[in-house]
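Here are the chains, one letter per residue:
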Amino acid sequence: MRRPSVLLTSVFGPFGLDDAYGRKENVLELFHNQVTREQGLFSLRFNHQSFGLYLMAENIEAPTTVLDFPSQARFIRELRKGYDYVGISFIVPNFAKAQRMAALVREHAPKSQIILGGHGTRIPRVETLIEHDHICRGEGVFWLRRLLGEDLDRPVVHPVIASSFNKRMLGIPLAVDAAVLLPGVGCPNQCRFCATSHFFDKRYTPYFDTGRALFDICRKVEDQTGHTDFFVMDENFLKRPERARELLALMEEHDKTYRFGLFSSAETIRDVGVDFLARLGVYFLWIGVESKVEVFEKNLGVDLGAMIRELKGNGISVLASGILFLEHHDLATIWEDIEYVSSLGADFVQFMQLGPLPGTQLYREYDRKGMLRKDLPYEEWHGQHRIWFTHPNFTPAQTENLIRRAFQYEYDTNGPSLLRMFETTLLGLRALADTRDPYLLHRRRNMEREARHVRPALSVILRHAHNERSRDLAREVIRAYDETLGEPGLKQRLLTVVAGAAALREAMRVAVGANVYQPKTFRTRYRWGAKQRASEQVSGRGPKRPAIEMDWGQRAARVAPTND
Ligand code: B12
Ligand code: SF4
């Protein structure tokens, strides 16, 4: 029996521009969009592939193509190949793009069945607004298997994907340095505003529920790509502490010093303890601080300032996230919260406007009270420009102005996040100065290598620092580096010159406002017959690995991604 063919696609670019389908504030870069957005030259730049699409493609048996960030023309070209199913993944602010793509399917591939998936499917009456044949409102792997009549019990296989691409620091292009790990989706905490928790039915759906499974994936990724750093795309990874403990036990048994970037709520961090996290090799933690005035259950009884200081002291960079325009916020209390989140000493701060997103408890409440600005197109519903609900104390123009000033205040007060991150690396190294523990000694050697690696960037940061506070901080960090590692040698001084030239070019680019990097198009084919290179799986039994077209930097470049 012929298996149906499947095309899974993200929405089309370009991104981060004011056009019929998107907004300039809505750039496709996590940090530049909502974290370091006002830090100019110092903003950390990188894109992510659409992880969910690769996970699904890896775990169905049908011949499948993943098209990530196509142009409209590239999408049409792919459609003409005549797929049985075309799956479009979209989030709420990309509603107009999904609508356009569905219309293109009907026009150019009338025999294909359209599947809509992703967070945008929670838009009320979406079924009457976008052409479709099927809608997946939630977890997709098992849903797709069911649609295609496949075996639901087959073990889930983890895709091998770079955690980011297009990475730049101070304008210097960087090779891919980490892979992504997708342990599961959803979070049971049900914070009233949280789109992810509500989208996945307020519970956690694990794909890999044991430390052993995760360890096997890490090893496989290391074998195939050489990467030992992992960005863990799981809303609240430490909610399953036993899984993390088993993972660490296996790493120690096999002397593997993998490192992990995590999202985790404060209660879970408190439960496992900072020492455990440092030993596990956590190098980055994203914590939802949210607000000082409205304390969410996950933060009850936690001294966030002390926790963040302890994490940093152990070499763990922290991103503290705050919500602006909560109901009780007025001009005084919103600044109280901005100052509070900025005062916690985190390396990175995200400010996000409260956003009643379809499917959440918040959305239902605001809808009931008639507070939603349904006259605003969904392209505006993204949290970095103007709120899309009526607030008793702020006009829309004030919300745009205040979020920008919040980022600016944080940057002016604390200096570039890059600098703070490098400071944390050094603190971690110093914390291990006297260790005799063989496993931690291994980690210390890695940290020292990393510290030497970033040292040339420090002088460049000092040269471009935007205010006296940042210059002082840069001098302090440079002094601490030189005390710990010694004065930079000739090679490092030469690298400083090279980095300086790249930074100057980038600074000029930023100054003229040309500050959007578009992602390239990725096309990855799975199980398309003899031409496909058969390859091993990442974990357990399951389908063959695809011919991966993603760019693994210098270490393991395979087929170049299509670039149109
Ligand atoms: C990585 C990420 C990004 C990347 C996007 C990379 C990309 N290639 O598109 C970046 C950093 C660029 C980004 C930007 C933004 N993002 Co974002 N992002 C995420 C994040 C953290 C992870 C997504 C992910 O990979 N999850 C893991 C995979 C496995 O899950 P998944 O993608 O949901 O896919 C599963 C299901 O949804 C489903 N599925 C998805 N698509 C499809 C398609 C089909 C056909 C089927 C059958 C099933 C299916 O199956 C998958 C497997 O179960 C999520 C939060 C989260 N933890 O999910 C927010 C999230 C998706 N982002 C969100 C938002 C709002 C944004 C921004 C507007 C910025 C902002 N203000 O937060 C911008 C928009 C940029 C733009 N112009 O498009 C919201 C979406 C809210 C909503 N209801 O629409 C989320 C949920 C975060 C939040 N605030 O709650 N984001
Ligand atoms: S803890 Fe974080 S991921 Fe979980 S529901 Fe709350 S905001 Fe969402």
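Summarised in this report is the structure supplied together with it.

So, a positive patch on the surface
Positive charge collects at one region of the surface, where Lys-202, Arg-364, Arg-368 and Lys-369 lie side by side. You can see Lys-369 is positioned in the loop between helix H14 (361-368) and helix H15 (396-414). According to the relative accessible area criterion, Lys-369 is exposed, its value standing at 57%.

Quick word on the pairing of strand S5 (residues 113-117)
Taken across its five residues, S5 has four buried, putting it largely inside the fold. Across five bridges, strand S4 (residues 85-89) lies against S5 in parallel orientation. The residue bridging Ile-88 from the neighbouring strand is Leu-116, located in S5. One crossover worth recording links S4 to the parallel S5 by way of helix H4 (residues 95-108), and it is right-handed. When S5 meets strand S6 (residues 134-136), the two strands line up parallel, connected through three bridges. Of the residues in S6, the one forming a bridge with Gly-117 is Cys-136.

Brief notes about the site of ligand 2
Near ligand 2 you find Cys-187, Asn-189, Gln-190, Cys-191, Phe-193, Cys-194, Ser-197, Glu-235, Asn-236 and Lys-298, and these make up its full shell. Split by residue class, the shell around ligand 2 holds four nonpolar, four polar and two charged.

A short note on the nonpolar core
Membership of the largest hydrophobic core comes to 128 residues, with the highest contact counts inside it found for Phe-75, Ile-88, Phe-260, Leu-277, Leu-280, Leu-311 and Phe-351. No fewer than three residues from each of domain 1 (6-157 + 518-526) and domain 2 (178-414) sit in this core. Ignoring any residue separated from it by four or fewer positions in sequence, one finds Leu-280 in contact with Ala-244, Leu-247, Leu-248, Met-251, Tyr-258, Phe-260 and Arg-443. Residues Leu-41, Tyr-283, Ala-480 and Ala-499 belong to the second largest nonpolar core, which totals 39 residues.

Rules used throughout
Residues numbered from 1 in each chain as written. Chains lettered and ligands numbered in written order. Predicted model: local features only at pLDDT ≥ 70, side-chain atom pairs only at ≥ 80, totals over all residues. Heavy atoms only, no water. Patch = residues over 30% accessible without salt bridge, like charges linked within 9 Å, V, L, I, M, F, W, Y side chains within 5 Å. Areas by Shrake-Rupley, 256 points an atom, 1.4 Å probe, with all protein chains shown as cover. Salt bridge = Lys/Arg side-chain N within 4 Å of Asp/Glu carboxyl O. Lys, Arg positive; Asp, Glu negative; His and termini not counted. Charge placed at Lys NZ, Arg CZ, Asp CG, Glu CD. Helix = DSSP H or I, 4+ residues; strand = E, 2+ residues; numbered from the N terminus. Buried < 20%, exposed > 50% of the residue type's maximum accessible area, 1.4 Å probe, protein only. Pairing = 2+ DSSP bridges. Right-handed = clockwise from strand over helix to strand, strands pointing away. Near = heavy atom within 4 Å. Nonpolar A, V, L, I, M, F, W, Y, C, P; charged D, E, K, R; others polar. Core = buried A, V, L, I, M, F, W, Y, C linked by side-chain atoms within 4.5 Å. Domains from an automatic or database assignment. Contact = heavy atoms within 4.5 Å.

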